[in-house]
Amino acid sequence: MRIALFQPDIPQNCGTILRMCACLNVEAHIIEPAGFPVSDRHFRRAGMDYLDQVQIVRHDSWTKFTEWRDRTGCRLVLLTTKGLIPYWQFRYEQTDVLLLGRESAGVPDEVAAVADARLVIPVQAGLRSLNIAVAAAMVAGEALRQTSWQTSTSQGAP
């Protein structure tokens, strides 16, 4: 399982997501340009000492990320308020990349168009969305639950 952040623009959220990735042993991809330097104190504070424990792959651009994805054959799963499939109804695979857009603008239409799936976290009417770090944790938790179960049952566990 991997989490990719498309041009993140809030350092605290990015740091929090990277901390989660470290704790859950999930590879993190950052698609540049980010809206802050990695030396930003808010980013470092949110990530704490976990930033040294997470595997971070940086991509200079969306084009470089798609080239990497083409080589690896990973499925791209976009989390978006415009998605039609609730995240808990989706069948995740261990090699999926969960893509989260910019906090301020999501992803451009051309990025959304290449996603293999577009998932939504339904929220109460009249509200826009959850914090991106919360959304990442919810969906990553469900994806890991499903793929860990698949792995344990394929190995003969009850």
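None of these values were measured; they are calculated from a predicted model.

A. Looking closely at the overall build of the chain. Scanning the chain from terminus to terminus reveals five helices and seven strands. Starting at the N terminus and walking to the C terminus, you meet the elements of the chain as β-α-β-α-β-α-β-β-β-α-β-α. Expressed as a percentage of the 158 residues in the chain, the buried residues total 47%. The contacts in the chain between residues at least 6 apart in sequence include a share of 78% that link residues at least 24 apart.

B. The packing of aromatic side chains, seen in detail. Counted under the stated rule, the structure contains five aromatic pairs. When the ring of phenylalanine 65 is compared with that of tryptophan 68, the centres are 5.5 Å apart and the planes differ by 35°; the resulting orientation is tilted. Residue phenylalanine 65 and its partner tryptophan 68 are located together in helix α3 (residues 62–72), separated by three residues, close to a single helical turn. Each of the two residues, phenylalanine 65 as well as tryptophan 68, counts as buried.

C. Broad picture of the UniProt feature "binding site: S-adenosyl-L-methionine" (unreviewed entry) in the chain. When the UniProt feature table is mapped onto this chain numbering, "binding site: S-adenosyl-L-methionine" (unreviewed entry) sits at Leu79, Gly101, Ile121 and Ser129. A maximum C-alpha distance of 14.0 Å is found for the annotated residues, which run over 51 residues; spatially they form one tight group. For leucine 79, the residues in contact, after removing those within four places along its chain, are Leu99, Leu100, Leu119, Ala135 and Val139. Relative to the helices and strands, serine 129 resides in the loop between β7 (117–120) and α5 (132–154).

D. Quick peek at the pairing of strand β6 (residues 97–100). Of the two faces of β6, the one holding Val97 and Leu99 and the one holding Leu98 and Leu100 are both buried throughout. In the sheet, strand β1 (residues 2–6) pairs with β6 via four bridges, with the strands oriented parallel. Residue pairing in the sheet places arginine 2 in a bridge with valine 97 of β6. Strand direction decides the pairing type here: strand β4 (residues 76–79) and β6, joined by four bridges, are parallel. By the bridge assignment, leucine 76 is partnered in β6 with valine 97.

E. Representation of the side chain of histidine 29 within the structure. One can find histidine 29 in strand β2 (residues 27–31). Given a relative accessible area of 0%, histidine 29 falls into the buried group. Side-chain polar atoms of histidine 29 contact the side chain of glutamate 27, separated by 2.6 Å. When near neighbours in sequence (up to four residues on either side) are disregarded, histidine 29 contacts Arg2, Ile3, Ala4, Leu5, Val57, His59, Phe65 and Trp68.

Calculation rules
Residues numbered from 1 in each chain as written. Predicted model: local features only at pLDDT ≥ 70, side-chain atom pairs only at ≥ 80, totals over all residues. Heavy atoms only, no water. Helix = DSSP H or I, 4+ residues; strand = E, 2+ residues; numbered from the N terminus. Buried < 20%, exposed > 50% of the residue type's maximum accessible area, 1.4 Å probe, protein only. Contact = heavy atoms within 4.5 Å. Phe/Tyr/Trp six-rings, centres within 6.5 Å; stacked < 30°, edge-to-face > 60°. UniProt positions renumbered as here; feature names shortened; annotations may be inferred. Pairing = 2+ DSSP bridges. Polar contact = N/O pair within 3.5 Å; in protein donor to acceptor, adjacent residues only side chain to side chain.

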